[in-house]
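Here's the letter readout for the chains.
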Amino acid sequence: MSGVLYIVPTPIGNLQDITERARAVLSAVGVIAAEDTRQCRKLLGLLGVPAPTLIAVHEHNERDQAPALLARLQAGEDIALVSDAGTPQVSDPGHVLLRTLWETPTERRPRVVPLPGPSAASTLLSACPIPLTDYVFAGFLPAKGKTRRAAIEALLARPAATLLFESVHRITQLLDDIAALAPDRLLFIGRELTKLHESLLYGTAPECKHQLTARDAVRGEFALVVAGSGEERDVGAATALLDVLLEELPPAQAARLTARATGASKRALYQQALARKPDQESE
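Cut-offs applied
- Residue numbering note: each chain is counted from 1, following its sequence as written.
- Totals for whole chains, interfaces and linings use every residue, but because this is a predicted model, local features are given only for residues with pLDDT of at least 70 and side-chain atom pairs only at 80 or more, for both listing and counting.
- Only hydrogens and water are set aside; all other atoms, that is, all heavy atoms of the structure, feed into the side-chain values.
- Think of it this way: any DSSP run of H or I at least four residues long counts as a helix, any run of E at least two long counts as a strand, and we number them from the N terminus.
- Residue burial is assigned from relative accessible area. The probe radius is 1.4 Å, only protein chains are included, and a residue is buried under 20% of its type maximum, exposed over 50%, and partly exposed in between.
- Surface exposure here means Shrake-Rupley accessible area, sampled with a 1.4 Å probe, where a residue is shielded only by the protein chains that are shown.
- We treat Lys and Arg as the positive residues and Asp and Glu as the negative residues; His and chain ends play no part in the count.
- Every charge is mapped to an atom, namely NZ of Lys, CZ of Arg, CG of Asp or CD of Glu.
- Residues adjacent in sequence count toward polar contacts only when both atoms are side-chain atoms; beyond that, a polar contact is any pair of N or O atoms within 3.5 Å, and within protein one must be able to donate a hydrogen and the other to accept it.
- Contact criterion: two residues are considered in contact whenever any of their non-hydrogen atoms come within 4.5 Å of each other.
- Points on a 1 Å grid over protein atoms alone make up a cavity when a 1.4 Å probe fits among them but cannot get out, and a pocket when they form an open set with protein on both sides within 12 Å along at least five of seven lines; lining residues each have an atom within 4 Å of a point.
- Grid points are joined across faces, edges and corners, and a volume is the space filled by probe spheres set on the points.
- Residue classes follow a fixed rule: Ala, Val, Leu, Ile, Met, Phe, Trp, Tyr, Cys and Pro count as nonpolar, while Asp, Glu, Lys and Arg count as charged, and any other residue, Gly among them, counts as polar.
- DSSP-based pairing: two strands are paired if at least 2 bridges between them are found.
- Any two cysteine sulfur atoms lying within 2.5 Å of each other are counted as a disulfide.

A.B. asks: Mind showing me how you'd approach the overall build of the protein here?
C.D. replies: A tally of helices and strands in the protein yields eleven helices and ten strands. On the principal axes, the C-alpha backbone points of the protein span a range of 75 × 35 × 30 Å. Relative to its full complement of 283 residues, the protein shows a buried share of 46%. Of the roughly 14,300 Å² that the protein leaves accessible, carbon and sulfur atoms contribute 51%. Counting 30 positive and 33 negative side-chain charges, the protein places the averaged centre of each group 2 Å from the other.

A.B. asks: Would you mind showing me how to read the side chain of Ser83 here?
C.D. replies: As for its placement among the helices and strands, Ser83 is situated in the loop between β4 (79-82) and α4 (95-102). Among the polar contacts listed, one links the side chain of Ser83 to the side chain of Asp92, at a separation of 3.1 Å. Excluding its chain neighbours within four sequence positions, the residues that come into contact with Ser83 are Thr10, Glu35, Pro88 and Asp92.

A.B. asks: I keep staring at the layout of surface pockets and nothing clicks. Help me out?
C.D. replies: Once rolled over the atoms, a probe with the size of a water molecule shows which space is left empty. Put simply, the largest pocket is a space of about 810 Å³. Ile12, Asp84, Ala85, Gly86 and Glu221 are, among the 38 residues lining the largest pocket, the residues nearest its centre. The set of elements that each furnish at least two residues to the lining of the largest pocket consists of α2 (37-47), β7 (161-166) and β10 (222-226). With five residues, α2 is the single largest residue contributor to the lining of the largest pocket. Grouping the amino acids of the lining of the largest pocket by side-chain chemistry returns 17 nonpolar, twelve polar and nine charged.

A.B. asks: I tried to follow the pairing of β4 on my own but got confused; where do I start?
C.D. replies: Within a regular strand, side chains alternate between the sheet's two faces. Where burial is concerned, the two faces of β4 agree: the one with Ile79 and Leu81 and the one with Ala80 and Val82 are both buried. Bridge count between strand β1 (residues 4-7) and β4: three bridges; the pairing is parallel. Residue pairing for β4: Tyr6 is matched across the bridge by Ala80.

A.B. asks: How should the state of the cysteines be read in this particular structure?
C.D. replies: Put plainly, a disulfide is one covalent bond tying together the sulfur atoms of two cysteines. Taken as a whole and judged by the stated rule, the model has zero disulfides. Here Cys128 is not cross-linked by a disulfide; its sulfur's nearest cysteine counterpart is in Cys208, at 11 Å. We classify Cys128 as buried; its relative accessible area is 14%. Classification of Cys208 by relative accessible area gives buried; the value is 0%.

Right under this line is the structure:
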């Protein structure tokens, strides 16, 4: 009998998010294939789980490790696949190993058992105010150059929302790029999800950048949803009304009346109003 490859999500920040099933699997398997064995050993220590054999499986060696792991599974060993945090394959290693298994003839293919659990993607989506009847997961954008610019233009052209991850080093530039191309497009941003300094931001790119810089919060790990191309028209109308009201009214009142008239987020409008009238006293 072949062994089982368990796909085991691990906490993305809060240790209490480990599931009882994940803990049981990590306690029972003889081998853990880990993106970073040091991180995995630390996690197992915090969970009180004795460390079995740990094998490093990451983007630089996964192709070489896959045949050996397949052989272990075919010999009857159970293996747990884990990434540094969250769910393997969601912008983490695991694809090469799993493709190797699924392309193995059925009679010699080990069983694959995916476990549900923590993921920055599903965590952000569960709280998102942007319509998600249809969305695209883009992972990390290209780091720089024309390919990055083309990727941003492509996601802004999509009718569906886009979920992506971004590093602390590029989040501000991403907001600037979106602001330049689609200043009225709505975004929902999660920073340091499940961690001590978790924060959620909602608004246009200029508004979200203002919120981040005002809080001195341009740090940590970011996940964000960018609304589809059809979601900016109402925001543009709300912004136009807000600008008119700000000529006569203070930010709080202008935001309140605009939200009542358009159905747009009062909080996002208020942040936008403060950005336009930074000298006005906040609520």
